[in-house]
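Next come the chains, spelled out residue by residue.
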Amino acid sequence: QVQVVESGGGLVQAGGSLRLSCAASGSFLNIALMGWYRQAPGNQRELVATISRGGTTNYADSVKGRFTISRDNAKNTVYLQMNSLKPEDTSVYYCNALALEGVVLTPKSYWGQGTQVTVST
């Protein structure tokens, strides 16, 4: 079993910055991929950014050049540095950890509880 806990959301003015953190914990942890997703009211959950254990990153077009995802494998922690924030970035941000479990490394996805990010005009 894996627990995923986010922190760092809040209220910021347009053009400002926030940094989100997410820590995964559990026994015999093998996290292949960690990432951030967001969901605004009435919208589907969408990808923001992901990072593999080896450091390969992937970003949504809407955040490229403004957001940076990074990872500390030793701590099973992922960060999302968000700069030049826009009102349309307002959303609940969810952390996801894709763990490889068991002898055959079965992938299993775990989600955090979400953290609110609100960008005011």
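Above: the structure in question.
Computed from a prediction, not measured in an experiment: that's the story for all the values here. (Residues numbered from 1 in each chain as written. Predicted model: local features only at pLDDT ≥ 70, side-chain atom pairs only at ≥ 80, totals over all residues. Heavy atoms only, no water.)

As a further point, take the pattern of salt bridges. Applying the stated criterion across every chain, the model contains four salt bridges. Close ionic contact of Asp89 with Arg38 constitutes a salt bridge, the shortest N to O distance being 3.0 Å. One end of the pair, Asp89, is in the loop between strand 8 (77–82) and strand 9 (91–101); the other, Arg38, is in strand 4 (residues 31–39), with 51 residues separating them in the sequence. Across the pair, exposure class does not vary: Asp89 and Arg38 are buried alike. The partner of Asp89 in a salt bridge is Arg66, and the shortest N-O contact between them spans 2.7 Å. (Salt bridge = Lys/Arg side-chain N within 4 Å of Asp/Glu carboxyl O. Helix = DSSP H or I, 4+ residues; strand = E, 2+ residues; numbered from the N terminus. Buried < 20%, exposed > 50% of the residue type's maximum accessible area, 1.4 Å probe, protein only.)

This model, assessed by the stated rule, comprises one disulfide. Across a sulfur-sulfur distance of 2.0 Å, Cys22 and Cys95 are joined as a disulfide pair. The chirality of the disulfide connecting Cys22 with Cys95 is left-handed, given an S-S dihedral of about -80°. Here Cys95 lies in strand 9 and Cys22 lies in strand 3 (residues 18–26), a separation of 73 residues in the sequence. (Disulfide = S-S within 2.5 Å.)

Strand order in the open sheet formed by four strands is 1-3-8-7, and the pairing between neighbours is antiparallel. Edge positions in the open sheet fall to strand 1 (2–7) and strand 7 (67–72), since each of these has one partner strand only. Strand after strand, the sheet turns through a mean of 15° between neighbouring axes, direction not considered. The pairing of strand 1 with strand 3 spans six bridges and is classified as antiparallel. Residue pairing for strand 3: Val4 is matched across the bridge by Ala24. (Pairing = 2+ DSSP bridges. Axes fitted to C-alpha atoms, helices over the stretch in contact; angles between N-to-C directions.)

Attention shifts here to the side chain of Glu6. Residue position: Glu6 is located in strand 1. Reaching out from Glu6, the side chain makes a polar contact with the backbone nitrogen of Cys95 at a distance of 2.8 Å. At a separation of 3.0 Å, a polar atom in the side chain of Glu6 contacts the main-chain amide nitrogen of Gln113. When neighbours within four sequence positions are excluded, Glu6 is seen to be in contact with Ser21, Cys22, Trp36, Tyr93, Tyr94, Cys95, Gly112, Gln113, Gly114 and Thr115. (Polar contact = N/O pair within 3.5 Å; in protein donor to acceptor, adjacent residues only side chain to side chain. Contact = heavy atoms within 4.5 Å.)

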